[in-house]
Amino acid sequence: MVKDTNKSNEPLQDTDYEVRSLHTMCVNESEHHEGFVGNLKYAVIGLLFGIVFVKSEVVSWFRIQEMFRLQSFHMYGVIGTAVVVGAISIFLIKKFKIKTIKGESIEFQDKTFNKGQIIGGLLFGIGWAITGACPGPLFAQLGTGALAIIATIISAVAGTWVYGYLRDRLPH
């Protein structure tokens, strides 16, 4: 964390946090902290989600290649269904002011558009097409025994690190 200093080297304010918080896409301000048992339920849900990914074949390299070659509707159907379910869910949450299980309000913040999103989206799509994997099912693919996916996992972690390192110099 970088702190601004004046000529006497005294900290003025914590601007690094302030600047980065302006670019935050999602903020979890929950006051509730989960212990081991709470985190275990997320692991179980993640495991079940991975099983659904495998059974629906969305982790299949061949299905992903079919999508990018416009040879099959399967992946577009899955993605389209997710978008529709998400849009309906957000509509219902806003309309009925639905709260979390813990009783906390759910707030949606408007997002600003910038050209970096186009560049990032193109890089993401190219990486997805080449590797046959998006970040969501990487570990599900690994769980199916596709050991080659380890290279993709390492690349995803490295790409995330590079983004964090270069973030301030990238287009806004």
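Note that the coordinates shown come from a computational prediction; the quantities given were computed from them, not determined experimentally. (Residues numbered from 1 in each chain as written. Predicted model: local features only at pLDDT ≥ 70, side-chain atom pairs only at ≥ 80, totals over all residues. Heavy atoms only, no water.)

### With respect to the packing of helix α3 (residues 61–68) against helix α5 (residues 115–131)
As a reminder, the rule being used: Only the stretch in contact is used when fitting a helix axis, every axis being a line fitted to C-alpha atoms; angles between N-to-C directions are given from 0 to 180 degrees. Secondary structure elements are taken from DSSP: a helix is a run of H or I of four residues or more, a strand is a run of E of two residues or more, and numbering for both begins at the N terminus. The cut-offs work like this: below 35 degrees is roughly parallel, past 145 is roughly antiparallel, 65 to 115 is roughly perpendicular, and the gaps in between are oblique. Pairs of residues are marked as contacts when any of their non-hydrogen atoms sit within 4.5 Å.
Taken N-terminus to C-terminus, the directions of α3 and α5 make an angle of 130 degrees; their axes are 8 Å apart at the nearest point. It follows from the interaxial angle that α3 and α5 lie oblique. In this structure, α3 contributes Trp61, Ile64, Gln65, Met67 and Phe68 to the contact, and α5 contributes Gly125, Trp128, Ala129, Ile130 and Thr131.

### Some words on the side chain of Gln65
Stated precisely, the cut-off is as follows: Remark: exposure states derive from per-residue accessible area (1.4 Å probe, protein chains only) relative to the maximum for the residue type, with buried under 20%, exposed over 50%, and partly exposed in between.
Note that Gln65 resides in helix α3. Note on Gln65: relative accessible area 9%, which makes it buried. Beyond its immediate sequence surroundings of up to four residues, Gln65 is in contact with Ala129 and Gly132.

### Re the packing of α3 against helix α4 (residues 74–96)
Definition in use: Charged means Asp, Glu, Lys or Arg here, nonpolar means Ala, Val, Leu, Ile, Met, Phe, Trp, Tyr, Cys or Pro, and polar covers whatever is left, Gly included.
It is at 8 Å that the axes of α3 and α4 come closest, and there the two elements cross at 90 degrees. When the axis of α3 is compared with that of α4, the two are roughly perpendicular. In contact with Arg63, Ile64 and Met67 of α3, α4 contributes His74, Met75, Tyr76 and Ile79. Of the residues belonging to the contact of α3 with α4, the class tally is five nonpolar, one polar and one charged.

### Details of helix α7 (residues 149–166)
Filter applied, for reference: Multiply 1.5 Å by the residue count of a helix minus one, and that product is the helix's expected span. By arc we mean the arc of the directions from the helix axis to the C-beta atoms, nothing more.
With 18 residues, α7 should cover 26 Å at 1.5 Å per step; its first-to-last C-alpha distance of 25 Å lies within 8% of that length. All buried positions along α7 are accounted for by Ile149, Thr152 and Ile153. Buried residues of α7, seen end-on, are gathered within an arc of 105 degrees and therefore sit on one face of the element. In α7, the exposed residues that point more than 90 degrees away from the buried face are Ile154, Trp161 and Tyr165. The elements touched by buried residues of α7 are α5 and α6 (138–143).

### Comments concerning the pattern of salt bridges
So the rule is basically this: For this analysis, a salt bridge means a side-chain nitrogen from Lys or Arg found within 4 Å of a carboxyl oxygen belonging to Asp or Glu.
For the structure shown, the criterion picks out two salt bridges. We note a salt bridge from Glu57 to Arg63, for which the minimum N-O separation is 2.7 Å. Accessibility expressed as a relative area gives 36% for Glu57, which makes it partly exposed. Between Arg63 and Glu66 there is a salt bridge; the shortest N-O distance is 3.3 Å. Placement of the pair is Arg63 and Glu66 together in helix α3, with a separation of three residues, close to one helical turn. One salt-bridge network, held together by shared partners, links Glu57, Arg63 and Glu66.

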